[in-house]
Amino acid sequence: MTATISSPGGAPHARIMSVGSYRPERVVTNAEVCELIDSTDEWIRERSGIVERRYAAPDETVVDIGVAAATKAIDASGIAAEQIGFVLVATVTHPYPTPSAAAELAYRVGALDAAATDISSACAGFCYGVALAQDMIRGGSAEYVLVVGVEKLTDWVDPTDRSTAFIFADGAGAVVIGPSQTPAIGPVVWGADGEQLDAITMTQSLTDYRDHGGPRFPTLAMKGQQVFRWAVSKMTEVAKLAVAKAGITADDLDAFIPHQANMRITDAMVRSLGLPAHVPVARDIETTGNTSAASIPIAMDRMLASGEVPHGGLALTIGFGAGLAYAAQVVVLP
Ligand code: UT7
């Protein structure tokens, strides 16, 4: 007779225990970006809501800035780094296909025995990480999970490309997720639309560039209008579904923290969600730019630190971007 293998479950639920973020020191104004593109401060503010952004220093790596955010999240969590069982790093800008950013980051923050891997879901990566962490904790494969969203987009953006140069920036945010007796992370609504791969992609593959050369080292290429239309139409439906699946209404929310893609996308989503006026909305893009996988935890940390949103309140989070990948869930704020 075949022996039965044991399959113990984990905690009943999971919760975000803490958040930490890191915004690189160097402030870059629209005027500075416009030195290399045909644009104006006025156009950038009006079309994206961005006034300034942060760039990492040339010698600051993706893992360096991820460690800075993760250390703050671990310090605030009340657990020791050695208790972390899994490290998930959401990033598309780590310059090594292998080894992962997560393996290096886990070692550097002291999560020495943790399993570690990267998530490649672009601007949806942080919300993917939160959903995966919750399933690991409930499934019993980890008790505590560190989820980091980190990007150094300046390494992969052409500063002379006026369709991307003004929007993308660098930063990192992290959360520690652990067991909970009560539900604190709502059901995720997620997916990816490979039919629209060309909406956000690279100008060329790295191997193609190696073998055949090209006008310049491969950088990000974005069909801004296509992504904009998709975000405003499809993502509003995804956000509504995440709220419904959490068993609440928009009126119950204490915060709306969408990926900081473009202020006009945020405004359009607020309108079509019918978000009540009393719900604070993350508008961190104004001073941080679009930091892809890092934008939601950076904005969450800022809103909590400023007292704009309450600890223990309900926040709707939604990430969306290249892939075209997306994920949304309602979470209890740490
Ligand atoms: O985070 C990952 C997901 N990414 C996103 O969600 C980004 C979504 N897309 C966007 O945020 C917007 O599409 C952008 C902010 C990137 C661009 O704004 P837009 O309103 O969609 O601009 P557009 O591409 O439709 O261009 C409008 C006009 C054009 O001129 P004409 O044809 O109307 O004369 C462009 O040539 O603005 C011109 N333009 C610019 N002008 C000054 C395009 N880029 C620039 C620029 N500065 N940088």
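These numbers come from a predicted model, not from an experiment. (Residues numbered from 1 in each chain as written. Predicted model: local features only at pLDDT ≥ 70, side-chain atom pairs only at ≥ 80, totals over all residues. Heavy atoms only, no water.)

Chemist: Any details on the packing of helix 3 (residues 62-77) against helix 4 (residues 101-109)? Residues and values, ideally.
Modeler: Look at helix 3 against helix 4: their axes get within 10 Å of each other, and the N-to-C directions meet at 50 degrees. Our classification of the angle between helix 3 and helix 4 gives oblique. Helix-helix and strand crossings are classified by hand; for helix 3 and helix 4 the assignment is right-handed. Within the contact between the two elements, helix 3 uses Val63, Asp64, Gly66, Val67, Ala70, Thr71 and Ile74 and helix 4 uses Ala101, Glu104, Leu105, Arg108 and Val109. (Axes fitted to C-alpha atoms, helices over the stretch in contact; angles between N-to-C directions. Helix = DSSP H or I, 4+ residues; strand = E, 2+ residues; numbered from the N terminus. Parallel < 35°, antiparallel > 145°, perpendicular 65-115°, else oblique. Left-handed = near helix turned anticlockwise from the far one by under 90°. Contact = heavy atoms within 4.5 Å.)

Chemist: So, the site of the ligand: which residues are in play, and what are the values?
Modeler: With respect to spatial proximity, 20 residues lie near the ligand, and among them Ser39, Arg47, Gln225, Asn262 and Asn290 are the closest. Gly224 places a main-chain nitrogen or oxygen 3.0 Å from a nitrogen atom of the ligand. Gln225 has a polar side-chain atom sitting 2.4 Å from an oxygen atom of the ligand. Contact with the protein chains covers 73% of the free accessible surface of the ligand, which is 950 Å². Its atoms largely coinciding with the cavity grid, the ligand occupies the second largest pocket. When residues of the shell around the ligand are traced back to their parent elements, those giving at least two are helix 2 (41-48), helix 7 (224-245) and helix 8 (263-273). Here the element with the most residues in the shell around the ligand is helix 7; it accounts for four residues. In terms of residue class, the shell around the ligand is made up of 10 nonpolar, six polar and four charged. Split by domain, the shell around the ligand shows at least three residues from each of two domains, domain 1 (13-180) and domain 2 (189-332). (Near = heavy atom within 4 Å. Polar contact = N/O pair within 3.5 Å; in protein donor to acceptor, adjacent residues only side chain to side chain. Areas by Shrake-Rupley, 256 points an atom, 1.4 Å probe, with all protein chains shown as cover. 1 Å grid on protein atoms, 1.4 Å probe; cavity = no way out; pocket = protein on both sides within 12 Å on 5 of 7 lines; lining within 4 Å. Sits in = over half its atoms within 2 Å of the grid points. Nonpolar A, V, L, I, M, F, W, Y, C, P; charged D, E, K, R; others polar. Domains from an automatic or database assignment.)

Chemist: An account of the packing of aromatic side chains is needed here, citing residue identities and associated values.
Modeler: By the definition in use, this model includes six aromatic pairs. Relative to Phe166, the ring of Trp43 lies with its centre 5.4 Å away and its plane at 85 degrees, an arrangement referred to as edge-to-face. Of this pair, Trp43 sits in helix 2 while Phe166 sits in the loop between strand 6 (145-152) and strand 7 (170-180), and the two are 123 residues apart along the sequence. Look at Phe166 and you get buried, because its relative accessible area is 7%. Their ring planes at 70 degrees and their centres at 6.4 Å tell us that Trp230 and Phe320 sit as a pair that is edge-to-face. Taken together, the residues span a long stretch of sequence, with Trp230 in helix 7 and Phe320 in strand 12 (residues 314-321) at a distance of 90 residues. Both residues of the pair, Trp230 and Phe320, count as buried. Taken together, Trp156, Tyr209 and Phe217 form an aromatic cluster joined through their ring pairs. (Phe/Tyr/Trp six-rings, centres within 6.5 Å; stacked < 30°, edge-to-face > 60°. Buried < 20%, exposed > 50% of the residue type's maximum accessible area, 1.4 Å probe, protein only.)

Chemist: How would you sum up the sheet that holds strand 4 (residues 86-90)? Please name residues and give values.
Modeler: Strand pairs in the sheet, formed through backbone hydrogen bonds, run parallel or antiparallel to each other. Reading across the sheet, the five strands line up as 1-7-6-4-5 and stay open at both edges, with mixed pairing between neighbours. The open sheet has two free edges, formed respectively by strand 1 (13-22) and strand 5 (115-119), since each of these has just one partner strand. Taking the axes of each pair of neighbouring strands and ignoring which way they run, one obtains an average angle of 20 degrees across the sheet. Sheet analysis places strand 6 next to strand 7, joined by eight bridges and oriented antiparallel. When the sheet's bridge partners are listed, Glu151 is paired in strand 7 with Gly171. Against the sheet, helix 5 (residues 125-139) engages strand 1, strand 4, strand 5, strand 6 and strand 7, with an angle of about 165 degrees to strand 6. (Pairing = 2+ DSSP bridges.)

Chemist: Now, about the environment of Asn290: what can you tell me, with residues and values included?
Modeler: Along the polypeptide, Asn290 turns up in the loop between helix 9 (285-288) and helix 10 (295-305). Take Asn290: its relative accessible area is 4%, and that puts it in the buried class. Distance from Asn290 to Ile50, taken between C-alpha atoms, is 8.6 Å for residues 240 residues apart in sequence. Not counting chain neighbours up to four residues away, the residues in contact with Asn290 comprise Ile50, Leu153, Ile167, Phe168, Ala169, His259, Gln260, Ala261 and Ile285. Within polar-contact distance, the side chain of Asn290 engages the backbone nitrogen of Ser292 at 2.9 Å.

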